[in-house]
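Geometric and topological summary
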Amino acid sequence: MPTFHIVTFGCQANEADSERMAGAFVAAGYQPAHSAEDADVILLNTCSIREKAEQKVYSLLGRYQGLKRERPGLKIGLTGCLGQLEGAELKRRFPGLDLVVGTGQMLKVPGMLQERPLIPLTLRPTEPMPTYVGTPPPLRQSRVSAFVNIMEGCNYFCTFCVVPYTRGRERSRPVADVLAEVEDLLSRGYREVTLLGQTVNAYGKTLRPRTTFAALLRQIDALAGGTLRIRFTSSHPREVTPDLYSAVAECQGVCEHVHLPVQSGSDRVLERMRRLYTRAQYLEVVRRLREAVPDVALSTDLIVGFPGETEEDHRETLDLLREVGYDSLFAFCYSPRPHTPAGEYPDQLQEPVKRQRLAEIFSLQAAIGLEKNRARIGRVEEVLVELGPREKEGSLASGRTRQNKWVHFPVDVLDIGARVSAEIIEAYSYYLKGKCDGRAVGVSS
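It is worth spelling out the environment of Asn-404 at this point. Considering the arrangement of structural elements, one finds Asn-404 in the loop between strand E16 (397-401) and strand E17 (406-409). Residue classification places Asn-404 among the partly exposed positions, given a relative accessible area of 26%. Measuring from C-alpha to C-alpha, the distance between Asn-404 and Gly-225 comes to 21 Å, with 179 residues separating the pair along the chain. In this structure Asn-404 touches Arg-231 and His-257, once residues within four positions along its chain are discounted. Within the structure, Asn-404 has its side chain in polar contact with the side chain of Arg-400 (distance 2.8 Å).

Here you go:
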């Protein structure tokens, strides 16, 4: 039986795409390989949101081309955003690539590999959002928590971002298809879903009849009857509406965690980024979220060293971190991206400046995260156990609270998939330690 191996770069949307591709390969008669070295087909599912992710892909492609010289029958394919963006240039740079496939064609890859002659480049215009009706089930990495794609693309065209060029404009998946997938996951014993979209809370605008993201949350919550945790990412601040505040507060299954990218704390930089909100407007969203859900945890994305960012702009971002008090964040040095206006701005910053500012961001967030986590010591939290031993944290089981905080347990009494009450006994900047007797809460383990 032929084997395949998928290497995934980038966001949770890419992880979900890889799971669906893996399911398509299994349905076509392949089986997963233990490693790339054992595979008959190697696929790189790529990201182009940052230059560093691209460089990692190029490095692996060089290594796999060497592997192909040793095994001429090996097939190497590249899918995802980098394929959509670079296309023929990748084939020119890496002649060992057998297949380059864009973002809208990934489920067709197993069939493409059987075509004779094999078509090396498939970059058709972005297709409508797949319904996934009648497609093979994803080969999911977790048996506890599942990704559910609900929309694709973005209409915002921020000056730094390639998503509208690689994923296209917003397209929403029909409500009935989303609910059918969630119902199937419930029947398979899943305890949590994460709803995915590049601007997930803009869901529903392209559907007829039109609906809203908050309405979808309420329908999923009603379907699950409180037995399923519901998460979502990634939100745009302009799409956080009053009905969304209410849905997060009122739906039993919706977790008290919102990922709300801000990108910068400076109004001047936000305007150059074309984020279409001000610092004050962003802070008002934060205020209203916390008013509706007092124990909500907030995470964010930051771009450090955007073209023209001054020391004053950087200090405003540091001040924003202190004012909001994020539970966690993802921060990256700006890197120019093809086709984006910011890539052509003349006032690009030097790398040492960007790295220094990034270090200051991480240092401050570590202190904020530690303070917020220490405030949870002594509290009893509901934890969904997702993983077995994590030697680095000295634990035998790990899971997340409803606020998306990792809790590690130094005892081997917890079943994967159990929802347990855990007392928090230690706190660190990026995780907690807890103790419990292993008894499940809310649902049976």
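Glancing now at the side chain of Asp-177. In this structure, Asp-177 sits in helix H7 (residues 175-187). No salt bridge is formed by the buried Asp-177; the nearest opposite charge belongs to Arg-173, separated by 5.1 Å. Contacts of Asp-177, omitting those with residues within four sequence positions, involve Thr-131 and Val-133.

Here strand E13 (residues 297-304) runs beside strand E14 (residues 328-333); their pairing, made up of six bridges, is parallel. The partner of Leu-302 across the bridge, within E14, is Ala-331. Running through helix H12 (residues 311-324), the crossover from E13 to the neighbouring parallel element E14 is right-handed.

Attention shifts here to helix H13 (residues 351-374). Side chains of residues three or four places apart in an α-helix project in the same direction, reflecting 3.6 residues per turn. Taking 1.5 Å per residue as the helical rise, H13 with its 24 residues ought to reach 34 Å, and the 34 Å between its terminal C-alpha atoms agrees with that figure. Looking at H13, one finds that the buried residues are Lys-354, Arg-357, Leu-358, Ile-361, Leu-364, Gln-365, Ala-366, Ile-368, Gly-369 and Asn-373.

Relative to each other, helix H8 (residues 213-224) and helix H9 (residues 242-250) sit at 20°, their axes nearing to 8 Å. Accordingly, the angle class assigned to the pair H8 and H9 is roughly parallel. With respect to the hand of their crossing, H8 and H9 are arranged in left-handed fashion. Residues Phe-213, Ala-214, Leu-217 and Arg-218 of H8 pack against Asp-243, Leu-244, Ser-246, Ala-247 and Glu-250 of H9. Partitioned by chemical class, the residues of the contact of H8 with H9 number five nonpolar, one polar and three charged.

This brings us to the packing of aromatic side chains. This structure, assessed with the given rule, holds 10 aromatic pairs. With 4.9 Å between their ring centres and 20° between their planes, Phe-4 and Phe-25 make a pair best called stacked. With Phe-4 in strand E1 (residues 3-8) and Phe-25 in helix H1 (residues 12-27), this residue pair connects regions lying 21 residues apart in the sequence. Judged by relative accessible area, Phe-4 falls into the buried class, the value being 5%. With a relative accessible area of 0%, Phe-25 lands in the buried category. A centroid spacing of 4.9 Å and a plane angle of 85° characterise the contact between Phe-25 and Tyr-30, whose relative ring orientation is edge-to-face. Tyr-30 gets classed as buried once you look at its relative accessible area, which sits at 8%. Linked through ring pairs, Phe-160, Phe-306, Tyr-334 and Tyr-345 together constitute an aromatic cluster. The ring of Tyr-132 has Arg-20 lying over it, and the distance from NZ or CZ to the ring centre is 3.6 Å.

Rules of the game
Residues numbered from 1 in each chain as written. Predicted model: local features only at pLDDT ≥ 70, side-chain atom pairs only at ≥ 80, totals over all residues. Heavy atoms only, no water. Helix = DSSP H or I, 4+ residues; strand = E, 2+ residues; numbered from the N terminus. Buried < 20%, exposed > 50% of the residue type's maximum accessible area, 1.4 Å probe, protein only. Contact = heavy atoms within 4.5 Å. Polar contact = N/O pair within 3.5 Å; in protein donor to acceptor, adjacent residues only side chain to side chain. Lys, Arg positive; Asp, Glu negative; His and termini not counted. Salt bridge = Lys/Arg side-chain N within 4 Å of Asp/Glu carboxyl O. Pairing = 2+ DSSP bridges. Right-handed = clockwise from strand over helix to strand, strands pointing away. Expected span 1.5 Å × (residues − 1). Axes fitted to C-alpha atoms, helices over the stretch in contact; angles between N-to-C directions. Parallel < 35°, antiparallel > 145°, perpendicular 65-115°, else oblique. Left-handed = near helix turned anticlockwise from the far one by under 90°. Nonpolar A, V, L, I, M, F, W, Y, C, P; charged D, E, K, R; others polar. Phe/Tyr/Trp six-rings, centres within 6.5 Å; stacked < 30°, edge-to-face > 60°. Lys NZ or Arg CZ within 6 Å of the ring centre and 35° of its normal.

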